[in-house]
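Descriptive structure summary
So you can see what is in the structure, the chains are spelled out below.
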Amino acid sequence: MEIKSIGAILGDIIGSPYEFDNIKMKDFPLFSEYSCITDDSILTIATMQALMDGGSSEDFRRNYRLFGNKHDSSYGLRFYDWLKSDDPQAYNSWGNGSAMRVGPVAWFYDDLETVERVAEVSASVTHDHPLGIKGAQATASAVFLARTGKSKQEIKSYVETRYGYALNFTLDEIRPDFGFDESCEGTVPPAIVAFMESDGFEDAIRSAVSLGGDSDTIAAITGSIAETFYGVPVEISNEVSTYLPKELKNTLMAFNFKLLM
């Protein structure tokens, strides 16, 4: 069985060694002793469980807290406080956490309106700032449009028109001065352009990582779109099982069986 909704996980793993040690080139080992899953993978898989549980606000809130507290990672300070709170409330975040974890929504539903609505629900339990919601919806819509056979130009036009992201730049133009930025506004457009400029899944991930900045999250967003457009070479997809602990792997497989139903 072809395992789906792994593009973000692979982007996260491949980008993880370079998050705080940026590499401004595309020639680097895809996997190394420093590769690992981070919060991007953990919360992407938590999204899968939330969808299987029903996709309500409470389903997302419960599973983000359950998976986040069970699996250690370098969570952002505000998200970490939310995880540990006795009364977790959304904290008006515009950060890229809402976009990095949203990919499974675009696999789970078969119409764009529902994908965008549930993407907002998934974001709003933590990232209820309009820019945080926008980042999740734009990412989910790009994944869905790629999954349903739309061209790169159609995806670009939709995201620009509906969400107002300016995508008329090249990676070469922004790479020299591109730095660490945890916002959706600073992460989602470059991640989409990395996909736009690519000629395959691996090339898309390499392009995303080569920007520098928040490398694992940019690559996770890019990977979630590139997977649905290109598919994932089997020699790369097989690496997922190497890095996922058993519980996360089981949730991924359960999600894939659900997609077949």
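Residues numbered from 1 in each chain as written. Predicted model: local features only at pLDDT ≥ 70, side-chain atom pairs only at ≥ 80, totals over all residues. Heavy atoms only, no water.

A word on the nonpolar core
Counting residues in hydrophobic clusters, the biggest one holds 83 residues, and the most contacted among them are F60, I155, V159, Y165, V209 and L244. If sequence neighbours within four positions are ignored, L244 has contacts with I9, I37, I45, K249 and L252. (Core = buried A, V, L, I, M, F, W, Y, C linked by side-chain atoms within 4.5 Å. Buried < 20%, exposed > 50% of the residue type's maximum accessible area, 1.4 Å probe, protein only. Contact = heavy atoms within 4.5 Å.)

Considerations on helix 16 (residues 246–260)
End to end, helix 16 covers 21 Å across 15 residues, agreeing with the expected 21 Å (1.5 Å per residue, within 8%). Where helix 16 is buried, its residues touch helix 2 (39–53), helix 3 (57–70), helix 6 (103–108) and helix 15 (240–243). (Helix = DSSP H or I, 4+ residues; strand = E, 2+ residues; numbered from the N terminus. Expected span 1.5 Å × (residues − 1).)

What to know about the pattern of salt bridges
Summed over the entire model, instances satisfying the criterion amount to eleven salt bridges. D110 is the partner of R147 in a salt bridge, and the nearest nitrogen-oxygen pair spans 2.5 Å. Of this pair, R147 sits in helix 8 (residues 130–147) while D110 sits in the loop between helix 6 and helix 7 (112–124), placing them 37 residues apart in sequence. Here D110 falls in the exposed class, since its relative accessible area comes to 62%. Residue K134 pairs with E185 through a salt bridge whose shortest N-O separation is 3.3 Å. With K134 in helix 8 and E185 in helix 11 (residues 184–196), this residue pair connects regions lying 51 residues apart in the sequence. Exposure remark for E185: the relative accessible area of 34% places this residue in the partly exposed category. Three or more residues joined by partner-sharing salt bridges are found here, namely D53, D59 and R62. (Salt bridge = Lys/Arg side-chain N within 4 Å of Asp/Glu carboxyl O.)

A look at the environment of A123
With respect to the helices and strands, A123 occurs in helix 7. If near-sequence neighbours (up to four positions away) are discounted, A123 is found in contact with S98, R101, D128, G132, I133 and A136.

As for helix 4 (residues 77–84)
Buried within helix 4 we find F79, W82 and L83. Along the long axis of helix 4, the arc covered by the buried residues comes to 100°, so they all point the same way. Opposite the buried face of helix 4, at more than 90 degrees from it, the exposed residues are L77 and D81. Those residues of helix 4 hidden inside the fold are in contact with helix 2 and helix 3. (Arc of directions from axis to C-beta.)

Re the side chain of T126
Along the chain, T126 falls in the loop between helix 7 and helix 8. Assessed through its relative accessible area of 0%, T126 is described here as buried. A polar contact is formed between the side chain of T126 and the side chain of H127, at a distance of 2.6 Å. The residues contacting T126, other than those within four sequence positions of it, are F79, W82, A90, Y91, N92, S93 and R101. (Polar contact = N/O pair within 3.5 Å; in protein donor to acceptor, adjacent residues only side chain to side chain.)

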